[in-house]
Amino acid sequence: WSKMPVLFGDLTPGWDKWDSLFTVFQQLAAAGPAQTALGSTFLLNYLSNMAFPGMNFVQGFEGKNLTIGQRFLPGGSTLKTEDFVGSGTRRCRERVLEHLGEKWMSVCRWKRPVDGEYTDVTTVDKYVDREYGINLPANTFFSHLTTGARSPSWEDGDGIAASFRLAEAGMEAARALGIEPMSLVRNV
């Protein structure tokens, strides 16, 4: 556990220590079921915290940075929310901080939702089938987990793309090591 701050450090969309992370997963599996369950939960919490800002913040989010794991690790890890939201937000923040005038404040606010905009709700498995033509395994939590049937106009597409790139990099790294990522989740 003492290696976790080194493994995770500051959490960014470009985090790429997947090989080290999967080594820790393998060490946990060798330590027994209790260590596997507790350790995997801790590690998955870190990973989900990296994906959360990009998946849940709207354009222009100006929230506070997050410190994660400080109860368990000295200092924890810092996640700068500005790293996970769309690039328009960073440009706005820089211009406002440089005191380039009130005119920038008007374009730095969240986009106003469109009156009457309707996104509908669907399950993740139906969404994936409709958008990508991929049938997920039946009777998994994807059959019960809901999402918007389409993205609202004010959602942060750049942040979502950064989160998906992070997940894709992890899956590629696992498979390159001969690990099927879903086997890690199923064993927890």
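See the structure printed just above.
If you're wondering where the values come from, they're calculated on a predicted model, not measured in any experiment.

Caption draft 1: Representation of helix 6 (residues 124–132) in the model. Restricting attention to buried positions, one finds in helix 6 the residues Val124, Asp125 and Val128. One side of helix 6 carries all its buried residues, which in axial view fall inside an arc of 100°. Buried-residue contacts for helix 6 involve strand 3 (121–123) and strand 4 (146–148). A positive backbone phi angle near 70° is found at glycine 133, which sits one or two residues after helix 6.

Caption draft 2: Geometry of the pattern of salt bridges. By the definition in use, this model includes two salt bridges. Two residues, arginine 130 and glutamate 131, come together in a salt bridge whose shortest N-O distance is 3.0 Å. Across the pair glutamate 180 and arginine 175 runs a salt bridge whose closest N-O atoms are separated by 3.1 Å. On the accessibility criterion, glutamate 180 (35% relative accessible area) is partly exposed.

Caption draft 3: Molecular detail of the environment of leucine 166. The residue leucine 166 is located in helix 7 (residues 157–176) in this model. Classification of leucine 166 by relative accessible area gives buried; the value is 5%. In the structure, leucine 166 is positioned 116 residues away from methionine 50 in sequence and 8.5 Å away in space, judged by C-alpha atoms. In this view, leucine 166 contacts Thr12, Pro13, Trp15, Trp18 and Met50; residues no more than four positions away in its chain are not counted.

Caption draft 4: Examining the side chain of threonine 123 more closely. Mapped onto the fold, threonine 123 is located in strand 3. Residues contacting threonine 123, with those up to four places away along its chain left out, are Phe142, Ser143, Leu145 and Thr146.

Quick notes on the rules
- Residues numbered from 1 in each chain as written.
- Predicted model: local features only at pLDDT ≥ 70, side-chain atom pairs only at ≥ 80, totals over all residues.
- Heavy atoms only, no water.
- Buried < 20%, exposed > 50% of the residue type's maximum accessible area, 1.4 Å probe, protein only.
- Helix = DSSP H or I, 4+ residues; strand = E, 2+ residues; numbered from the N terminus.
- Arc of directions from axis to C-beta.
- Contact = heavy atoms within 4.5 Å.
- Salt bridge = Lys/Arg side-chain N within 4 Å of Asp/Glu carboxyl O.

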